[in-house]
Amino acid sequence: MLRNSLQRWISPLFIALLVCSEARLHASESLTTPSTSRFLPGNIPGTLRLPGSNTSFGVGGFIEADLSFSDHRFTDKQTAAYTLFFPQIPVTSGNTAGGKRIRPHGNDSRIWFKAYQPSESGDLNLYLEYDFNDKAGSYKPHLRHAYVSLGQLLVGKTYTTFTNSSALAGTDSGLPPAGVANRHAQLRWTVPLANQTMDLMLAVEQAESQVNEIPQQSISHYERDHTPNVALRLNRYGPWGQVSLSAMSRSIRWRDTDKKFRKRANAVGFSGRVRT
């Protein structure tokens, strides 16, 4: 529990230290360098920077209020009991006795921090994002994204490389009606191709196996594998939009009472977003 608490609050503490350090640097420079503005526009959209500094930083987010109604009876273990979850939308009459529920919530509100620093080795980017979906029925902060990228290398937690996040539908909770929207810790390398109109991504990612009970669709087993996932994605960009072709190979493990199972699984995907 102490370890989880440290992980939850170390990122905001790091942000505060970074901003305070930048402010102290500006204060010392202002003694010798006159300035007409405390902040200047940053080098990337949505950021600011201090005069005399190449480090851009930004803090933002949004507050979202949702109201959901269901006449289907869900168990407390089911995600759909607390938010809109497409795989658990009932397609049969099911059990509706005592199942009507109206639930207002703001769990999908977000707060984020980003920083940017150009360097000879490539652009250095830092991004952190939280929502409040750490646990069903609570408002504890939940880490959605936390990664650092330097040039073509990315390290941290973000959407799996298998997924083209630009093609995800904007729905409640960020859960798409189809596709894969998981976020994993990963090590990713990106290679630009064809004069920046294409790029190739290769990543090794943290492996997690989750088994759902049918037809209840509640989680019955969750386990982290020792073998990382391997994901590959080819992206094509143009004035018309973008498309991607992806592939993944992973090991899946689960238990059934005293038996253990392990299988190799492979997947391919095609997605994109076209301007109309």
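Our subject in this report is the structure included herewith.

A few points about the environment of I89
Positionally, I89 belongs in the loop between β4 (66-70) and β5 (101-105). When its relative accessible area of 43% is taken as the criterion, I89 is described as partly exposed. C-alpha separation for the pair I89 and S70, spaced 19 residues apart in sequence, amounts to 9.8 Å.

Considering the layout of surface pockets
Think of a ball as big as a water molecule: rolled over the atoms, this probe shows where empty space is left. In this structure, the second largest pocket occupies an estimated 830 Å³ of space. What lines the second largest pocket is a set of 29 residues, and nearest its centre among them are Y147, L154, T158, R188 and M201. Sorting the residues of the lining of the second largest pocket by element identifies β6 (110-117), β7 (124-131), β8 (142-150), β9 (153-159), β10 (183-193), β11 (198-205) and β14 (229-238) as the ones contributing at least two each. In terms of residue class, the lining of the second largest pocket is built from ten nonpolar, 13 polar and six charged.

Comments concerning the sheet that holds strand β2 (residues 48-49)
Strand order across the open sheet formed by twelve strands is β1-β2-β3-β6-β7-β8-β9-β10-β11-β14-β15-β16, with antiparallel pairing between neighbours. At either end of the open sheet lies a strand with only one pairing partner, and these are β1 (40-41) and β16 (259-274). For β8 and β9, the ladder comprises five bridges, and the chain directions are antiparallel. Along β9, the bridge assignment pairs S149 with L154.

Definitions and cut-offs
- Residues numbered from 1 in each chain as written.
- Predicted model: local features only at pLDDT ≥ 70, side-chain atom pairs only at ≥ 80, totals over all residues.
- Heavy atoms only, no water.
- Helix = DSSP H or I, 4+ residues; strand = E, 2+ residues; numbered from the N terminus.
- Buried < 20%, exposed > 50% of the residue type's maximum accessible area, 1.4 Å probe, protein only.
- 1 Å grid on protein atoms, 1.4 Å probe; cavity = no way out; pocket = protein on both sides within 12 Å on 5 of 7 lines; lining within 4 Å.
- Points joined across faces, edges and corners; volume = space filled by probe spheres on them.
- Nonpolar A, V, L, I, M, F, W, Y, C, P; charged D, E, K, R; others polar.
- Pairing = 2+ DSSP bridges.

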